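One letter stands for each residue in the lines below.
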Amino acid sequence: MRVAILSGSVYGTAEEVARHAERLLRQAGLEAWHDPRASLADVQAFAPQAFLVVTSTTGMGELPDNLQPLYFAIRDHLPAWGGLPGGVIALGDASYGDTFCGGGELVRELYAELGIREVVEMLRLDASETVTPESDAEPWLAAFGAALRA
């Protein structure tokens, strides 16, 4: 199964989690692809059979600048990805209250518009509680990989 991993990062942490996810999903026998600068055409050329988005949150619950062009291109074109499985890993800081992991919530809303079904509930990684988000994501990634293979 081909899994497109899209990432949005401000300081690089979400991108590191995405790279780690790519390695783990490959080790689990999936064809994982991650390009932090991917365009819609790049994603479509890969012909994904599943999606994983790893994103941090900026400002008032927004997506990082590097993910916004792809996010808006997908929203504008609404590719025929309905029914595909997906997952979201959201990074944030709980001290921001209502906007905690808002970037991930935006991705979940986009999934709903596209008809992508979340196979594992969104993982929220709180920067105020963890210094090892890559390893903290491993149990979730194992469940995500198992759900894709099922």
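Refer to the preceding data block for the structure.
Computed from a predicted model, the values in this text were never measured in an experiment.

The rules we used
Residues numbered from 1 in each chain as written. Predicted model: local features only at pLDDT ≥ 70, side-chain atom pairs only at ≥ 80, totals over all residues. Heavy atoms only, no water. Core = buried A, V, L, I, M, F, W, Y, C linked by side-chain atoms within 4.5 Å. Buried < 20%, exposed > 50% of the residue type's maximum accessible area, 1.4 Å probe, protein only. Contact = heavy atoms within 4.5 Å. Phe/Tyr/Trp six-rings, centres within 6.5 Å; stacked < 30°, edge-to-face > 60°. Helix = DSSP H or I, 4+ residues; strand = E, 2+ residues; numbered from the N terminus. Arc of directions from axis to C-beta. Pairing = 2+ DSSP bridges. Right-handed = clockwise from strand over helix to strand, strands pointing away.

Sorry if this is basic, but what is going on with the nonpolar core here?
Nonpolar side chains in soluble globular proteins tend to be buried together. Residues Leu 6, Val 43, Phe 51, Ile 74 and Trp 81 are the most contacted members of the largest nonpolar core, which totals 26 residues. Look past the residues within four positions of Val 43 in its chain and what remains in contact with it is Leu 6, Trp 33, Ala 38, Pro 48, Phe 51, Leu 70 and Trp 81. Membership of the second largest hydrophobic core comes to 22 residues, among which are Val 3, Ala 14, Ala 18 and Ala 137.

Could you clarify how one ought to interpret the packing of aromatic side chains in this entry?
The relative placement of two aromatic rings is captured by the distance of their centres and the angle of their planes. One pass over the full model with this rule turns up four aromatic pairs. Seen from their ring centres, Trp 33 and Phe 46 are 5.1 Å apart, and the 20° between their planes marks the pair as stacked. Of this pair, Trp 33 sits in strand β2 (residues 31–34) while Phe 46 sits in helix α2 (residues 40–46); the two residues are 13 residues apart in sequence, bridging distant segments of the chain. Ring centres of Phe 51 and Trp 81 lie 4.6 Å apart, and the angle between their planes is 50°; this geometry places the pair in the tilted category. Separated by 30 residues along the polypeptide, Phe 51 in strand β3 (residues 50–55) and Trp 81 in the loop between α3 (68–77) and β4 (85–92) bring together distant segments of the chain. Here Phe 51 matches Trp 81 in class, with each residue buried.

Please explain α3 as it appears in this structure.
Because each turn of an α-helix spans 3.6 residues, side chains separated by three or four positions in sequence point in the same direction. For α3, the set of buried residues is Leu 70, Tyr 71, Ala 73 and Ile 74. Burial along α3 is one-sided: seen end-on, the buried residues are contained in an arc of 165°. Away from its buried face, by an angle of more than 90 degrees, α3 presents the exposed residues Pro 69 and Asp 76. Considering only its buried residues, α3 is in contact with β1 (2–8), α2 and α4 (102–114).

I tried to follow the pairing of β2 on my own but got confused; where do I start?
Consecutive side chains along a regular strand alternate between the two faces of the sheet. Where β1 and β2 come together, four bridges link them in parallel fashion. Each bridged residue has a counterpart across the sheet, and for Val 3 the counterpart in β2 is Ala 32. Since β1 and β2 lie parallel, the crossover through helix α1 (residues 13–27) that links them has a hand, and here it is right-handed.

Please clarify how the pairing of β1 should be interpreted in this entry.
Here β1 lies mainly inside the structure; six of its seven residues are buried. As paired elements, β1 and β3 share six bridges and run parallel to each other. Paired with Ala 4 across the bridge in β3 is Phe 51.

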